[in-house]
Amino acid sequence: MSHNILVLNCGSSSIKYQLVNPSTGIALAGGTIERVGQEDSTVTHKVGDKKLTVNGPIADHSSGLTLMRRMFAEGGTNLDDSQIAAVGHRVVHGGASFSEPVLIDDATVTAIEKLSVLAPLHNPANVIGIERARKAFPTLPHIAVFDTAFFRDLPAAAYTYAIDRKVAAAHQIRRYGFHGTSHQYVSAQAALFLEKDPSELNQIVLHLGNGASASAVSRGVAVETSMGMTPLEGLVMGTRSGDIDPGVLFHLHRVAGLSVNKIDALLNR
């Protein structure tokens, strides 16, 4: 009986993947494809203590996913024979449309594409991963899990920015929050460790890595988050500036002559 889940996380320049047995939580195999679209791309694939690596240019995410299948096969885990029950996709931005995981169909893909205006570095890559995987595994259910979903019901005082309400509404400007899957999981695991029901606890949750964020979780519900309309807001991160005086952006444009794209790269990369 099929029972494994193939999990895909297609980022702006990377692909992370695992074949997971959900009953045990054990990853049977998995890996990371880094620097997609560059000449010095790398692939690291792990099966138990065995590690396979490939170095060389990977043109795009589609090529990366083709290489992923090859790595599974070379590592002794042919995906066509791996009893896969479903494919799970991490999607960065669900906007106001998605508050929980959803079964992917054509309408879902279109909705995720439209949200690319809010996450131009992430959602397009997420869509590529979804479309490529749906072609590779057409008979399997594909499920989208959204990074923003845990923060979908933030109180208005937490998600509202102090700008003109009509402008904000017209352009979907609000705090959405990210790393939601991490914050939801960690808060639940902390409650389990303390042998408490989540409804009994108030928690500060930290997601600390190359991307970093903090949240406040009250009685199992997110009430505050450091990240905002995009993952750029909040804590200082590996390549992201985190919070910065908005006036710095105007100064860089007017005085330093930097374009919007260059300022975007400066703050994000």
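In this report, we go over the structure that sits alongside the text. In this numbering scheme, every chain counts its residues from 1 along its sequence in written order. A pLDDT threshold of at least 70 governs which residues receive local features in this predicted model, and a stricter bar of 80 or more applies before side-chain atom pairs are shown or counted, although totals over entire chains, interfaces and linings include all residues. The side-chain quantities take in all heavy atoms of the structure and omit both hydrogens and water.

## Brief notes about helix 1 (residues 61-74)
The α-helix winds at 3.6 residues per turn, so residues separated by three or four positions along the chain end up facing the same way.
1) Next: The end-to-end C-alpha separation of helix 1 is 20 Å, in line with the 20 Å expected for 14 residues at 1.5 Å each.
2) Next: Counting of polar contacts relies on pairs of N or O atoms within 3.5 Å, with two restrictions inside protein: one atom must be capable of donating a hydrogen and the other of accepting it, and residues adjacent in sequence are counted only when both atoms are side-chain atoms. Put simply, DSSP H or I for four residues or longer makes a helix, DSSP E for two residues or longer makes a strand, and each gets a number counted from the N terminus. The opening residue of helix 1 is Asp-60, an N-cap whose side-chain oxygen sits 3.3 Å from the backbone nitrogen of Ser-62.
3) Next: Following helix 1 by one or two positions, Gly-76 adopts a phi angle in the positive range, close to 90°. Working rule for helices: expected span equals 1.5 Å times residues minus one.

## Brief notes about the packing of helix 2 (residues 106-114) against helix 3 (residues 123-136)
1) Next: For the pair helix 2 and helix 3, the least separation of the axes is 9 Å and the interaxial angle reads 160°. For the element pair helix 2 / helix 3, the angle class is roughly antiparallel. Here helix 2 and helix 3 pass one another in a crossing that is left-handed. For the pair helix 2 and helix 3, the contacting residues are Asp-106, Val-109, Ile-112 and Glu-113 in the first and Asn-123, Val-127, Ile-130, Glu-131 and Arg-134 in the second. An axis is simply a line fitted to the C-alpha atoms; with a helix, the fit covers only the stretch in contact. Between two such axes, the angle follows the N-to-C directions and lies from 0 to 180 degrees. Note on angle classes: values under 35 degrees are labelled roughly parallel, values over 145 roughly antiparallel, values of 65 to 115 roughly perpendicular, and the remainder oblique. Here is the rule for handedness: rotate from the far helix to the near one, and if that takes an anticlockwise turn smaller than a right angle the crossing is left-handed, while a clockwise turn gives right-handed. Here a residue-residue contact requires only that any non-hydrogen atoms of the pair lie within 4.5 Å.

## Some remarks on the pattern of salt bridges
Where side chains of opposite charge bring their charged atoms close, a pairing between them can arise.
1) Next: For this document, the term salt bridge refers to a Lys or Arg side-chain nitrogen within 4 Å of an Asp or Glu carboxyl oxygen. Taken as a whole and judged by the stated rule, the model has seven salt bridges.
2) Next: Arg-69 is paired through a salt bridge with Asp-80; the nearest N and O atoms lie 3.0 Å apart. Of this pair, Arg-69 sits in helix 1 while Asp-80 sits in the loop between helix 1 and strand 6 (84-91), and the two are 11 residues apart along the sequence.
3) Next: You can call Arg-69 partly exposed: its relative accessible area is 23%.
4) Next: Exposure is judged per residue with a 1.4 Å probe applied to protein chains only, and the accessible area is read against the type maximum: over 50% gives exposed, under 20% gives buried, and values in between give partly exposed. Residue Asp-80 is classed as exposed on the basis of its relative accessible area, which comes to 54%.
5) Next: A salt bridge links Arg-175 to Glu-233; its shortest N-O distance comes to 2.7 Å. Highlighted residues: Arg-175 in the loop between helix 5 (165-170) and helix 6 (180-193) and Glu-233 in the loop between strand 11 (221-225) and helix 7 (246-254), separated in sequence by 58 residues. Across this residue pair, the class does not change: Arg-175 and Glu-233 are buried.

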